[in-house]
Amino acid sequence: MVSDEPGLVLPRPDLARRAYMLKPLADLAPQLVHPTLRRTMLELWNAFDGEAHQMTPLHDSDWRADGAQ
């Protein structure tokens, strides 16, 4: 879906520049084609500069949904 209405811009304009959004999407739906960039999520992730945007994976033992430690 593509939208450019006030208060509703889809897809999110910074999706391809944010590792925390792009990497999970590429993992979940690698063949999904970005509707305006016309590239798959996997292609976008493979072209992403991961060195400039370090990510640290979280594991179930790293956090709890209730905030307890």
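Shown above is the structure to which this text applies.
In this report, we go over the structure that sits alongside the text. (Residues numbered from 1 in each chain as written. Predicted model: local features only at pLDDT ≥ 70, side-chain atom pairs only at ≥ 80, totals over all residues. Heavy atoms only, no water.)

### Considerations on the nonpolar core
Right, so step 1: Counting 9 residues, the largest nonpolar core is built from Leu15, Ala19, Met21, Leu22, Ala26, Met41, Leu44, Trp45 and Phe48.
Right, so step 2: Only α1 (19-28) and α2 (41-47) provide two or more residues apiece to this core.
Right, so step 3: No other element matches the 4 residues that α1 contributes to this core.
Right, so step 4: Excluding residues that lie within four positions of it along the chain, phenylalanine 48 makes contacts with Ala16, Arg17, Arg18, Ala19, Leu22 and His53. (Core = buried A, V, L, I, M, F, W, Y, C linked by side-chain atoms within 4.5 Å. Buried < 20%, exposed > 50% of the residue type's maximum accessible area, 1.4 Å probe, protein only. Helix = DSSP H or I, 4+ residues; strand = E, 2+ residues; numbered from the N terminus. Contact = heavy atoms within 4.5 Å.)

### Quick look at the pattern of salt bridges
Right, so step 1: Summed over the entire model, instances satisfying the criterion amount to 3 salt bridges.
Right, so step 2: Put simply, arginine 12 and aspartate 14 hold a salt bridge, and the shortest N to O gap is 2.6 Å.
Right, so step 3: Note on aspartate 14: relative accessible area 11%, which makes it buried.
Right, so step 4: With a closest N to O distance of 2.6 Å, lysine 23 and aspartate 27 form a salt bridge. Of this pair, lysine 23 and aspartate 27 both sit in helix α1, 4 residues apart, which is roughly one turn of the helix.
Right, so step 5: Overall, lysine 23 belongs to the partly exposed group, its relative accessible area being 26%.
Right, so step 6: One network of salt bridges, in which partners are shared, links Arg12, Asp14 and Arg18. (Salt bridge = Lys/Arg side-chain N within 4 Å of Asp/Glu carboxyl O.)

### Remarks on the packing of aromatic side chains
Here the distance between the centres and the angle between the planes together describe a pair of aromatic rings.
Right, so step 1: Enumeration according to the criterion identifies 1 aromatic pair in this entry.
Right, so step 2: Judged by centre distance (5.2 Å) and plane angle (15 degrees), the rings of tryptophan 45 and phenylalanine 48 are stacked.
Right, so step 3: Judged by its relative accessible area of 13%, phenylalanine 48 falls in the buried class. (Phe/Tyr/Trp six-rings, centres within 6.5 Å; stacked < 30°, edge-to-face > 60°.)

### Examining α1
Right, so step 1: If you check which residues of α1 are buried, you get Ala19, Met21, Leu22 and Ala26. An end-on view of α1 places all buried positions within 165 degrees of arc, on one side of the element. When the buried face of α1 is taken as reference, the exposed residues oriented beyond 90 degrees from it are Tyr20 and Leu28.
Right, so step 2: On its buried face, α1 is in contact with α2. (Arc of directions from axis to C-beta.)

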